[in-house]
Amino acid sequence: GDDDDSGDDDDSGDDDDSGDDDDSAGDDDDSATARGADEDEEEGWTLLQVIDNAPSPSVEVLFRAEVSEEDEEEDGPASGYLYVLGSNLMRVYTTSGALGETFSLSSQGSGLAAASFDDGYVYASVAGTGQVAVLTAGPWVEVAEVEPTNIASDLDSVTVTFEANFGTDSTGTCDYRMVVNGGITDDGTAVAAASGTASIGEQEVVVLSGADLAIGSNRVSIFCEDEEGDVGRTSFSYYKGALAPPQSFALSPGDLQVTASWSHLVHEDVTVDYYLLYFDDETFDSVTSPETCNEDFSICSPYSVVIPSAVAERGGDDDDSAAGDDDDSGADSRAGAGATISVVVDGLTNAVPWFFSVAAVDVDGNIGPRTEVLSSTPSVTGGAAALSGDEGGCSCRLGDQPFSPLAGLSAVVLGLLFAARRRSHEEFKSC
């Protein structure tokens, strides 16, 4: 009874005047006019109850169209999948409302996100656990082992062991292929003789010839496509060349800092340009590149360590065998083999383990294999021995004057009271 018919209400039968049509603008159901449509056309939104078995309470809903970017301009309604997250359940529906799959999370779900259509992954965050569940229609591919990850020449080989799974399905196959430096859409360089059929739930072992692998640091992607055309993927990295992990890698903790040191690498077939120092307050592997920074963000991982000129001056391996070539101006002669390179990473947290690894980078930008990951825990230097007056088998100097632990007790206490964070390397050298 509140329909004043003063507007363009066409009374076509969809206005039930049940009381929720306020006609406050006098233009009942102007959804078509608002879009600039012709008055003779009937356009607008239609509310349908598609799903009646969604998890409750539902915290997030996500729709992903089953079309690529090239098909987005085509007419017609989009088909795809609807993802509903509620409690510890994630359910997948078709656009018609049919339930496809139900997945149980380890705890309460808190949010959904989707990658691109080409990427194909949907992510669900799990509250209070720091976990993210990954959902994919394709096979789930995992690398079990890569041995070795570093090779020197075409005569070497890399053995890769991987496995593909279909979740709850225990049978089936997928066709795999490998490409070097490819993206998520398989646009890299195919590795010869690295293709075949993998059985679900069984490990596949593939031997890659060094002759088929590019020089330098590279990543190989493994794609595995099932019978329905859904593709799963994973990847691993390798290095091919003369670079080796830096030798004599060691860590020395201090107050709010750790000093990392290693021996400079010199090889007749490669020139080291600089080093990359990786560090984090959590352990990491040879593939992960941590991006942690110290407290004042002055040093961030991976940190580029330039070969110091002082190392070159005492390198000792330049034999001057070529007359007139000893100009020490190039990267080739900046340091001699075995010379120690070190860097102090300060601004860290005491009593917390920090993890470090280092790799050499050649003049072409290739990153060599890393050292093993070592850990060190910063702490207040000195300790009980210094406070008790025990020299501990070594002596120290403050500037040019001998420093006695007993005479310096008050200075140590004052330093602690004022929370002196660091001391100049030139003024004080700890034992």
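In this text, all values refer to a predicted model and were calculated from it rather than measured experimentally. Counting restarts for each chain, with residues numbered from 1 along the sequence as it is written. Local features in a predicted model are, by the rule used here, given only for residues with pLDDT of at least 70; side-chain atom pairs are given and counted only at 80 or more, and totals for whole chains, interfaces and linings are based on all residues. To get the side-chain values, take all heavy atoms of the structure and skip hydrogens and water.

### Describing the state of the cysteines
Put simply, a disulfide is two cysteine sulfurs that come within 2.5 Å. Under the counting rule described, the total for this entry stands at two disulfides. Shown here is the disulfide that connects Cys 293 with Cys 300, its sulfur atoms set 1.9 Å apart. Judged by the torsion about the S-S bond (105°), the Cys 293/Cys 300 disulfide is right-handed. Remark: exposure states derive from per-residue accessible area (1.4 Å probe, protein chains only) relative to the maximum for the residue type, with buried under 20%, exposed over 50%, and partly exposed in between. Owing to a relative accessible area of 27%, Cys 300 belongs among the partly exposed residues under this scheme.

### Looking at the sheet that holds strand E1 (residues 58–65)
With antiparallel pairing, four strands are arranged side by side in an open sheet as E1-E2-E3-E4. Single-partner strands in this sheet number two, and they are E1 and strand E4 (99–104). Taken pair by pair, the neighbouring strands of this sheet meet at an average axis angle of 15°, ignoring direction. At least two bridges found by DSSP between two strands is the condition for calling them paired. Numbering goes from the N terminus for both helices and strands, where a helix is a DSSP run of H or I of at least four residues and a strand is a run of E of at least two. In the sheet, strand E2 (residues 80–86) pairs with strand E3 (residues 89–94) via six bridges, with the strands oriented antiparallel. Pairing of Val 84 across the sheet is with Arg 91, part of E3. Simply put, an axis is a line fit to the C-alpha atoms, just over the touching stretch for a helix, and the angle between two N-to-C directions goes from 0 to 180 degrees.

### Points about the confidence of the model for the chain
Each residue carries a pLDDT score, the predictor's confidence in it, ranging from 0 to 100. Confidence in the prediction for the chain averages 74 pLDDT; 68% of positions are at 70 or higher. By definition, residues are in contact when any of their heavy atoms lie within 4.5 Å. Contacts for the low-pLDDT stretch residues 312–334, under 50 throughout, to residues beyond four places or in other chains number 25 contacts. Note that residues 382–431 has pLDDT below 50 and, in this model, 35 contacts with residues that lie over four places away or in other chains.

### Some remarks on the packing of aromatic side chains
Note on aromatic contacts: the rings of Phe and Tyr and the six-membered ring of Trp form a pair at centre separations within 6.5 Å, being stacked when their planes are under 30 degrees apart, edge-to-face when over 60 apart, and tilted otherwise. Scanning the entire structure with this criterion turns up seven aromatic pairs. Taken together, a centroid distance of 5.2 Å and an interplanar angle of 75° make the contact between Phe 162 and Tyr 176 edge-to-face. Of this pair, Phe 162 sits in strand E10 (residues 157–165) while Tyr 176 is found in strand E11 (residues 173–180), placing the two residues 14 residues apart along the sequence. Judged by relative accessible area, which is 0%, Phe 162 ranks as buried. With a relative accessible area of 10%, Tyr 176 lands in the buried category. Among the aromatic side chains, those forming a connected cluster through ring pairs are Tyr 121, Tyr 123 and Trp 140. Its end group placed over the ring of Tyr 278, Arg 370 keeps NZ or CZ at 3.8 Å from the ring centre. When the NZ atom of lysine or the CZ atom of arginine is within 6 Å of a ring's centre and also within 35 degrees of its normal, the charge is said to sit over that ring.

### Notes on the side chain of Ser 357
Relative to the helices and strands, Ser 357 is located in strand E21 (residues 354–362). Relative accessible area serves as the criterion here: at 0%, Ser 357 is assigned to the buried category. A polar contact of 2.8 Å, which involves the side chain of Ser 357, links it to the backbone oxygen of Thr 371. In this structure, Ser 357 is in contact with Phe 249, Leu 276, Leu 277, Tyr 278, Phe 284, Arg 370, Thr 371, Glu 372 and Val 373, ignoring residues within four places of it in sequence. Side-chain atoms alone can form a polar contact between residues adjacent in sequence; in general such a contact is a pair of N or O atoms within 3.5 Å, and within protein one must be able to donate a hydrogen while the other accepts it.

### Some thoughts on the environment of Ala 114
Tracing the backbone shows Ala 114 in strand E5 (residues 109–114). Distance in space between the C-alpha atoms of Ala 114 and Tyr 83 is 9.8 Å, their sequence separation being 31 residues.

### Some remarks on the pattern of salt bridges
Side chains that differ in charge, positive against negative, can pair when their charged atoms come close. Salt bridge, as used here, is a side-chain nitrogen of Lys or Arg placed within 4 Å of a carboxyl oxygen of Asp or Glu. A full pass over the atoms with the stated rule returns two salt bridges. Here Lys 240 ties to Asp 154 by a salt bridge, and the two come within 2.3 Å at their closest N and O atoms. One end of the pair, Lys 240, is in strand E15 (residues 231–240); the other, Asp 154, is in the loop between strand E9 (150–151) and E10, and 86 residues separate them in sequence. Residue classification places Lys 240 among the buried residues on the basis of a relative accessible area of 4%. The salt bridge involving Arg 177 is made with Glu 225; its shortest N-O contact spans 3.8 Å. Of this pair, Arg 177 sits in strand E11 while Glu 225 sits in strand E14 (residues 216–225), and the two are 48 residues apart along the sequence. Taking the relative accessible area as the measure of exposure, Glu 225 reaches 31% and is therefore partly exposed.

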